[in-house]
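Close look at the chain arrangement
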Amino acid sequence: GAGVSQSPSNKVTEKGKDVELRCDPISGHTALYWYRQSLGQGLEFLIYFQGNSAPDKSGLPSDRFSAERTGGSVSTLTIQRTQQEDSAVYLCASSLVAGVTGELFFGEGSRLTVL
Amino acid sequence: GENVEQHPSTLSVQEGDSAVIKCTYSDSASNYFPWYKQELGKRPQLIIDIRSNVGEKKDQRIAVTLNKTAKHFSLHITETQPEDSAVYFCAAKGTSGSRLTFGEGTQLTVNP
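Calculation criteria
- Residues numbered from 1 in each chain as written.
- Chains lettered and ligands numbered in written order.
- Predicted model: local features only at pLDDT ≥ 70, side-chain atom pairs only at ≥ 80, totals over all residues.
- Heavy atoms only, no water.
- Helix = DSSP H or I, 4+ residues; strand = E, 2+ residues; numbered from the N terminus.
- Rg over C-alpha atoms; globule rule 2.2 N^0.38 Å.
- Buried < 20%, exposed > 50% of the residue type's maximum accessible area, 1.4 Å probe, protein only.
- Contact = heavy atoms within 4.5 Å.
- Areas by Shrake-Rupley, 256 points an atom, 1.4 Å probe, with all protein chains shown as cover.
- Lys, Arg positive; Asp, Glu negative; His and termini not counted.
- Charge placed at Lys NZ, Arg CZ, Asp CG, Glu CD.
- Core = buried A, V, L, I, M, F, W, Y, C linked by side-chain atoms within 4.5 Å.
- Pairing = 2+ DSSP bridges.
- Axes fitted to C-alpha atoms, helices over the stretch in contact; angles between N-to-C directions.
- Buried area = accessible area lost by both parts, 1.4 Å probe.
- Salt bridge = Lys/Arg side-chain N within 4 Å of Asp/Glu carboxyl O.
- Polar contact = N/O pair within 3.5 Å; in protein donor to acceptor, adjacent residues only side chain to side chain.
- Nonpolar A, V, L, I, M, F, W, Y, C, P; charged D, E, K, R; others polar.
- Disulfide = S-S within 2.5 Å.
- Phe/Tyr/Trp six-rings, centres within 6.5 Å; stacked < 30°, edge-to-face > 60°.

**Notes on the overall build of chain B**
- A count of helical and extended segments in chain B gives zero helices and eleven strands.
- Here chain B has a C-alpha radius of gyration of 13 Å; the compact-globule value for 112 residues is 13 Å, and the two agree.
- Viewed in the frame of its principal axes, chain B has a C-alpha envelope of about 45 × 30 × 20 Å.
- Looking at the 112 residues of chain B, the share that counts as buried comes to 44%.
- Residue pairs in contact within chain B that sit at least 24 positions apart in sequence constitute 54% of those at least 6 positions apart.
- Entry remark: accessible area of chain B is about 5,500 Å², with carbon and sulfur atoms responsible for 46%.
- When the 12 positive and 13 negative side-chain charges of chain B are each reduced to one mean point, those points stand 7 Å apart.

Here it is as structure tokens:
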């Protein structure tokens, strides 16, 4: 596609449920990043992928969070047993290659609300 | 790891005035410093960046300066316009991997 696509755009879930957030990066971009943006806060790094591998997953806040990327393209961020503090906008970004300076192209984000 | 601090958190200026946002970083080996603009309800977008071998870079009304010795960099917007109103994020890329660490953001409001 022309840009980074994320789905769903909005997700409301009950505490304790699992959620999956999807990111479809720009075609040909090998690097993919997940960030979290809480209300009025900055961009908190979660994880990044180079191809299908995740060299840096140190930003994942707990073992309830996991992410995978298959075929060097689509990535899924999974949050198990959601908590209210997980409520945030989850932003995905891609860039041509990781490890070099270059622009991150962000998606519109997935707004997660945990009741 | 890298730590980026950004000031001020909010900034209000009159149209036509200049705006300055400042950031400091902790990793002296960081070599890449981009600035992103996020309009309300939209995705962050790159507006300008600077690499560690350059002290200043300009693009029309926007300029960024870098002081490697002091480990700080600044965004300067001249002749501000209402459409400049947005949240601005600075970021730094350290030497450990490809993580881009962002500041907390500055809400800039340009009053007509």
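**Notes on the nonpolar core**
- One finds Trp 35, Phe 73, Leu 75 and Leu 108 of chain B to be the most contacted residues of the largest nonpolar core, which totals 23 residues.
- Of all the secondary structure elements, the ones that give two or more residues to this core are strand E2 (10–14), strand E3 (19–25), strand E4 (32–38), strand E5 (45–51), strand E7 (62–67), strand E8 (72–77), strand E9 (86–93) and strand E11 (106–111) of chain B.

**Side note on the sheet that holds strand E7 (residues 65–69) of chain A**
Residues and elements named next belong to chain A.
- Spatially, the four strands line up as an open sheet ordered E1-E3-E8-E7, and their pairing is antiparallel. With one partner strand each, in any of the chains shown, strand E1 (5–7) and E7 form the two edges of the open sheet. Sheet twist, expressed as the average angle between the axes of neighbouring strands with direction ignored, equals 15°.

**So, the interface of chain A and chain B**
- In this complex, chain A contributes 23 residues to the contact, which on the side of chain B involves 18 residues.
- Summed over both sides, the interface of chain A with chain B buries roughly 1,700 Å², with 49% coming from carbon and sulfur.
- Summed over the shared surface of chain A and chain B, the number is two salt bridges.
- Residue Glu 108 of chain A pairs with Arg 43 of chain B through a salt bridge whose shortest N-O separation is 2.7 Å.
- For the interface between chain A and chain B, the tally reads seven residue pairs in polar contact (both at pLDDT 80 or more).
- Among the elements of the structure, strand E4 (31–37) and strand E5 (44–50) of chain A are those that each provide at least two residues to the side of chain A that touches chain B.
- Ranked by residues supplied to the side of chain A that touches chain B, first place goes to E4 of chain A with three residues.
- Residues belonging to the side of chain A that touches chain B are distributed by class as follows: eleven nonpolar, nine polar and three charged.

**Quick notes on the state of the cysteines**
- Here the structure, examined in full by the defined rule, presents two disulfides over all chains.
- Paired through a disulfide, Cys 23 of chain A and Cys 92 of chain A show a sulfur-sulfur distance of 1.9 Å. Judged by the sign of its S-S torsion, about -65°, the cystine formed by Cys 23 of chain A and Cys 92 of chain A is left-handed. Here the residue Cys 23 of chain A occupies a position in strand E3 (residues 19–24), and Cys 92 of chain A occupies one in strand E9 (residues 88–95), the gap between them amounting to 69 residues.
- Note on Cys 23 of chain A: relative accessible area 0%, which makes it buried.
- A relative accessible area of 0% means that Cys 92 of chain A is categorised as buried.
- Covalent S-S linkage joins Cys 23 of chain B and Cys 90 of chain B, the inter-sulfur distance amounting to 1.9 Å.

**Details of the environment of Ser 5 of chain A**
- By the element assignment, Ser 5 of chain A lies in strand E1.
- Non-local contacts of Ser 5 of chain A, meaning those with residues more than four positions away in its chain, are made with Arg 22, Cys 23 and Asp 24 of chain A.

**What to know about the packing of aromatic side chains**
- Under the criterion given, the structure shown has twelve aromatic pairs over all chains.
- For the pair Phe 106 of chain A and Tyr 36 of chain B, a centre-to-centre distance of 5.7 Å together with 85° between the ring planes defines the contact as edge-to-face. Separated into two different chains, Phe 106 of chain A in strand E10 (residues 105–106) and Tyr 36 of chain B in strand E4 make up a pair that spans both.
- Residue classification places Tyr 36 of chain B among the buried positions, given a relative accessible area of 0%.

**Quick look at the pairing of strand E6 (residues 56–59) of chain B**
Residues and elements named next belong to chain B.
- Strand direction decides the pairing type here: E6 and E7, joined by four bridges, are antiparallel. For Asp 59, the partnering residue across the bridge sits in E7 and is Ile 62.
- Linking E6 back to E7 in an antiparallel pair, the connection comprises two residues, with Gln 60 at a positive phi of about 60°.

These figures capture arrangement, not role.
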